[in-house]
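Examination of the molecular architecture
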Amino acid sequence: MKTILNILWLVLCGFWMAVGYAVAGILCCILIITIPFGIASFRMANYALWPFGRTVIRDPRAGAASTIGNIIWILVAGIWLAIGHLTTGLALCITVIGIPLGIASFKMIPVSLIPLGAEIVSTNDPRAAY
């Protein structure tokens with residue numbers, strides 16, 4: 001079932017959301033100081049391509065630097081990516097078949113806003129249970 005949902009996701013919105021993350025990553029990598037944001041954006045682009053069967057966990061050791069970085073990220077690209085997930089999720093929820101995809105898009109909003117201090121893991125990973 002995960003494979004079918006991932007294929008539908010990829011065709012309907014995953015490719016374009018991944019392109020959005022990749023563009024944000026490229027823009028962040030142009031400036032030397034924002035390279036960590038670019039790397040996080042590329043990780044999220046991978047997640048946006050194939051989200052079913054994976055989940056986001058927070059690192060409890062993430063400290064003040066991660067918080068400051070997330071605030072900067074929200075201002076630079078996070079708000080626009082979150083708006084993209086919100087509008088995509090609303091559009092997907094119009095049809096009954098699209099509701100699971102829309103819910104997946106809504107679940108990606110928190111990581112699009114605050115990616116630093118988060119890790120994307122398989123749902124089979126023992127850490128995903130927490």
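Please read all numbers here as calculations on a predicted model, not as lab measurements. (Residues numbered from 1 in each chain as written. Predicted model: local features only at pLDDT ≥ 70, side-chain atom pairs only at ≥ 80, totals over all residues. Heavy atoms only, no water.)

1. Some points on the environment of Ala 104
Tracing the backbone through its elements, the reader meets Ala 104 in helix α4 (residues 99-107). As a C-alpha pair, Ala 104 and Phe 52 span 52 residues in sequence and 7.9 Å in three-dimensional space. Beyond its immediate sequence surroundings of up to four residues, Ala 104 is in contact with Trp 9 and Phe 52. (Helix = DSSP H or I, 4+ residues; strand = E, 2+ residues; numbered from the N terminus. Contact = heavy atoms within 4.5 Å.)

2. Description of the nonpolar core
Within the largest apolar cluster, 25 residues are counted, with the highest numbers of intra-cluster contacts made by Trp 9, Tyr 21, Ala 48, Phe 52, Trp 73, Leu 81 and Leu 101. For this core, the secondary structure elements donating two or more residues are α1 (2-30), α2 (35-49), α3 (64-92) and α4. Element by element, the count of residues in this core is highest for α1, at eight residues. When residues no more than four places from it in sequence are discounted, the contact partners of Phe 52 are Lys 2, Leu 5, Asn 6, Trp 9, Pro 100, Leu 101 and Ala 104. (Core = buried A, V, L, I, M, F, W, Y, C linked by side-chain atoms within 4.5 Å. Buried < 20%, exposed > 50% of the residue type's maximum accessible area, 1.4 Å probe, protein only.)

3. Let's talk about the UniProt feature "transmembrane region" (unreviewed entry) in the protein
Per the UniProt annotation, the sites labelled "transmembrane region" (unreviewed entry) are residues 7-24, 62-83 and 89-106. The annotated region residues 62-83 carries 91% helix and 0% strand content, and the separation between its end C-alpha atoms amounts to 25 Å. (UniProt positions renumbered as here; feature names shortened; annotations may be inferred.)

4. Quick notes on the pattern of salt bridges
Following the criterion strictly, the structure yields one salt bridge and no others. Arg 61 serves as the salt-bridge partner of Asp 59, at 3.2 Å between the closest nitrogen and oxygen. (Salt bridge = Lys/Arg side-chain N within 4 Å of Asp/Glu carboxyl O.)

5. Section: the packing of α2 against α3
Two elements in contact, α2 and α3, have axes separated by 11 Å at closest approach and are oriented at 70°. Regarding the angle of α2 to α3, the classification is roughly perpendicular. Listed contacts from α3 to Phe 37, Ser 41 and Met 44 of α2 are Gly 69, Ile 72 and Trp 73. (Axes fitted to C-alpha atoms, helices over the stretch in contact; angles between N-to-C directions. Parallel < 35°, antiparallel > 145°, perpendicular 65-115°, else oblique.)

6. A closer look at the confidence of the model for the protein
When pLDDT is averaged along the protein, the result is 87, and 98% of the positions lie at 70 or above. Looking over the protein, one finds the lowest element-wise mean pLDDT in strand β2 (residues 118-122), namely 81, and the highest in α4, namely 91. (pLDDT = per-residue confidence, 0-100.)

7. Concerning the packing of α1 against α3
Geometrically, a packed helix pair is captured by the angle between its two axes and the distance between the axes. Where α1 meets α3, the axes come as close as 11 Å, and the angle between the chain directions of the two elements is 175°. The pairing of α1 with α3 is recorded here as roughly antiparallel in orientation. Where α1 abuts α3, its residues Trp 9, Leu 12, Cys 13, Met 17, Gly 20, Tyr 21, Ala 24 and Cys 28 lie against Trp 73, Val 76, Ala 77, Leu 81, Gly 84, His 85, Thr 88 and Leu 92.

8. Some details on the UniProt feature "domain: Inner membrane component" (unreviewed entry) in the protein
Cross-referencing UniProt, the feature "domain: Inner membrane component" (unreviewed entry) maps to residues 4-54 and 68-117 in the present numbering. Secondary structure within residues 4-54 divides into 82% helix and 2% strand; the distance between the first and last C-alpha atoms comes to 14 Å. Regarding residues 68-117, the helix share stands at 78% and the strand share at 0%, and the terminal C-alpha atoms are separated by 11 Å.

9. Points about the environment of Phe 106
Tracing the backbone through its elements, the reader meets Phe 106 in helix α4. Distance from Phe 106 to His 85, taken between C-alpha atoms, is 6.3 Å for residues 21 residues apart in sequence.

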